[in-house]
Amino acid sequence: MKYKIDLHTHTLISGHAYSTIQENVKAAAEKGLILLGISEHAPKMPGSTNKIYFQNLKVIPREMYGIRLLFGVEVNILDFNGNVDLDDEVLGDLDYAIASLHPPCIGFGTVEENTNAIIGAMKIDKVKIIGHPDDSRYVLDYEAVVKAAKENNVLLEVNNSSLSPNSFRINAKDAYIKMLEYCVKYEVAVIIGSDAHISFDVGNQEYAVKLLEEVNFPEKLIANNDLEMLFRHLNVQN
Ligand SMILES: [Zn+2]
Ligand SMILES: [Zn+2]
């Protein structure tokens, strides 16, 4: 395992994922991760949970099987202004939010609409990561997205699941090649996320690492590489 941090994982609570928190943490421990983030889908994803779930996470230990845990959420961007499906009060209690475009929650817009949606979501305080900005059904203006990520201090994800051969997202690799060029140009950091929906995929970064190596992406712009930088970025205590 090249990087020991994974902040994008789902459990049974998300409604279309198949392991428990403990199963995910055990898998992470076996793979040698040091930090695991649980980021369930927010309420507008069909079959996911409700806001009370996110308000009760304090009952879960912040360390399990020797691994530090963070509790976040993957919010759904709901409109082309970037509004999402949890309010600031609920988000305030979480360690971080990933904001993503998902087909059941928002339609496929024009380049301008999709780009506005992503940039609008970046302005929400807790949104620290944009999830899988790689789906050609949501065409993006990558230069604008990358510049806004820098301005709003948000990480852009390189999503391992999108790059997997059986992904339902389309042409992610080509999208990432464009995005990564701008990340180098404007010095914007990315974060690899497994987007695991089962414990076996926790920490899986195989395809993302391969792509980043292929394009010679600089290590200093990979947030999984530097725990201190990541904690500073998320504004959580080390
Ligand atoms: Zn997602
Ligand atoms: Zn996800």
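Here's a quick rundown of the structure. As the structure is a computational prediction, the values presented were derived from the model and not from experiment. Here the residue numbers are simple positions, counted from 1 along each chain's written sequence. Note on labels: chains are lettered from A, ligands numbered from 1, in written order. Whole-chain, interface and lining totals are the exception, using all residues; otherwise, since this is a predicted model, local features are given only for residues with pLDDT of at least 70 and side-chain atom pairs are given and counted only at 80 or more.

## Focus on the packing of helix H4 (residues 111-122) against helix H5 (residues 142-152)
Spelled out, the test is: Whenever a helix is involved, its axis is fitted only over the stretch in contact; in every case the axis is a line through C-alpha atoms, and angles between N-to-C directions fall within 0 to 180 degrees. A run of DSSP states H or I qualifies as a helix once it reaches four residues; a run of E qualifies as a strand once it reaches two. Both are numbered from the N-terminal end. Small angles under 35 degrees read as roughly parallel and large ones over 145 as roughly antiparallel, with 65 to 115 read as roughly perpendicular and the rest as oblique. For every residue pair, C-beta atoms are placed from the backbone, and the pair is scored as a contact if these atoms sit within 7 Å. Gly is put with the polar residues, along with every residue not named as nonpolar or charged; the nonpolar set is Ala, Val, Leu, Ile, Met, Phe, Trp, Tyr, Cys and Pro, and the charged set is Asp, Glu, Lys and Arg.
Between H4 and H5, whose axes approach to 10 Å, the crossing angle comes to 5°. When the interaxial angle is binned, H4 and H5 end up roughly parallel. Judged by residue contacts, Thr115, Ile118, Ile119 and Met122 of H4 engage Ala144, Val145, Ala148, Ala149 and Asn152 from H5. For the contact of H4 with H5, the per-class residue count stands at seven nonpolar, two polar and no charged.

## A few points about the nonpolar core
Rule in force here: A set of buried Ala, Val, Leu, Ile, Met, Phe, Trp, Tyr and Cys residues, joined to one another through C-beta atoms within 7 Å, is what we call a nonpolar core. A residue is called partly exposed when the number of other C-beta atoms within 10 Å of its own lies between 12 and 20, exposed at 12 or fewer, and buried at 20 or more, with C-beta atoms placed from the backbone.
Ranked by internal contacts, the top residues of the largest apolar core, which has 69 residues, are Ala99, Ala121, Met122, Ala149, Leu156 and Val190. In terms of residue count, helix H7 (residues 172-186) provides more of this core than any other element does, six residues in total. The residues touching alanine 121, leaving out its near neighbours within four places in the chain, are Ile77, Gly82, Val84, Ala99 and Val127.

## Concerning the environment of threonine 9
Among the secondary structure elements, threonine 9 is positioned in the loop between strand E1 (5-6) and helix H1 (21-30). In this structure threonine 9 comes out as buried when scored by C-beta crowding, with 31 C-beta atoms within 10 Å. Considered as a pair, threonine 9 and proline 103 are 94 residues apart in the sequence and their alpha carbons are 19 Å apart. Residues contacting threonine 9, with those up to four places away along its chain left out, are Asn24, Leu36, Gly37, Ile38, Ser39, Ser194, Ala196 and Val202.

## A short note on the pairing of strand E5 (residues 96-100)
For the record, the criterion: When DSSP finds two or more bridges between two strands, those strands count as paired. If you view a crossover with the strands going away from you and the path from the first strand over the helix to the second runs clockwise, you call it right-handed.
Within E5, five of the five residues are buried, which leaves it mostly tucked inside the rest of the structure. Alternating residues of E5 divide into Tyr96, Ile98 and Ser100 and Ala97 and Ala99, and every residue in both groups is buried. In this sheet, strand E6 (residues 127-130) lies alongside E5 in parallel orientation, the contact comprising three bridges. Paired with alanine 97 across the two strands is valine 127, which belongs to E6. Note on the crossover from E5 through H4 to E6: the handedness is right-handed.

## Let's talk about unusual backbone geometry
The phi dihedral of asparagine 153 falls on the positive side, at around 55°, and the residue is not glycine. With respect to the secondary-structure elements, asparagine 153 resides in the loop between H5 and strand E7 (155-159). Within the chain, asparagine 235 stands out as a residue other than glycine whose phi angle is a positive 60°. Position of asparagine 235 relative to the elements: it lies in the segment after helix H9 (227-234).

## Here we look at H1
Put simply, the test is: Throughout, the arc means that of the directions going from the helix axis to the C-beta atoms.
Considered for burial, the residues of H1 that qualify are Ile21, Asn24, Val25, Ala27 and Ala28. Relative to the axis of H1, the buried residues are bounded by an arc of 160° and lie together on one face. Structurally, H1 contributes buried residues whose contacts are with E1, strand E2 (35-41), strand E3 (63-64) and strand E4 (67-76). Phi turns positive, to about 85°, at glycine 32, one or two residues after H1.

## Section: the environment of lysine 147
Inspection of the secondary structure puts lysine 147 in helix H5. For lysine 147, a count of 16 C-beta atoms within 10 Å puts it in the partly exposed group. Between the C-alpha atom of lysine 147 and that of proline 43, which follows or precedes it by 104 residues, the distance is 29 Å.

## Remarks on the pairing of strand E8 (residues 190-193)
Burial of E8 is two-sided: the residues Val190 and Ile192 facing one way and the residues Ile191 and Gly193 facing the other way are all buried. Relative to E8, E7 runs parallel, the two sharing four bridges. Directly across from glutamate 157, in E8, lies its bridge partner isoleucine 191.

## Observations regarding the environment of tyrosine 186
Summarising the element assignment, tyrosine 186 is placed in helix H7. A C-alpha to C-alpha distance of 9.1 Å links tyrosine 186 and glutamate 143, two positions 43 residues apart in sequence. Once you skip the residues sitting within four places of it in the chain, tyrosine 186 turns out to touch Val146, Lys147 and Lys150.

## A word on the packing of H5 against H7
Spelled out, the test is: Less than a right angle of anticlockwise turn of the near helix away from the far helix marks a crossing as left-handed, whereas a clockwise turn marks it as right-handed.
One way to put it is that H5 packs onto H7 with a least axis distance of 9 Å and a crossing angle of 45°. Classified by the interaxial angle, the pair formed by H5 and H7 is oblique. Pair H5 / H7 crosses with right-handed handedness. In contact with Tyr142, Glu143, Val146, Lys147 and Lys150 of H5, H7 contributes Lys178, Met179, Tyr182, Cys183 and Tyr186. For the contact of H5 with H7, the per-class residue count stands at six nonpolar, no polar and four charged.

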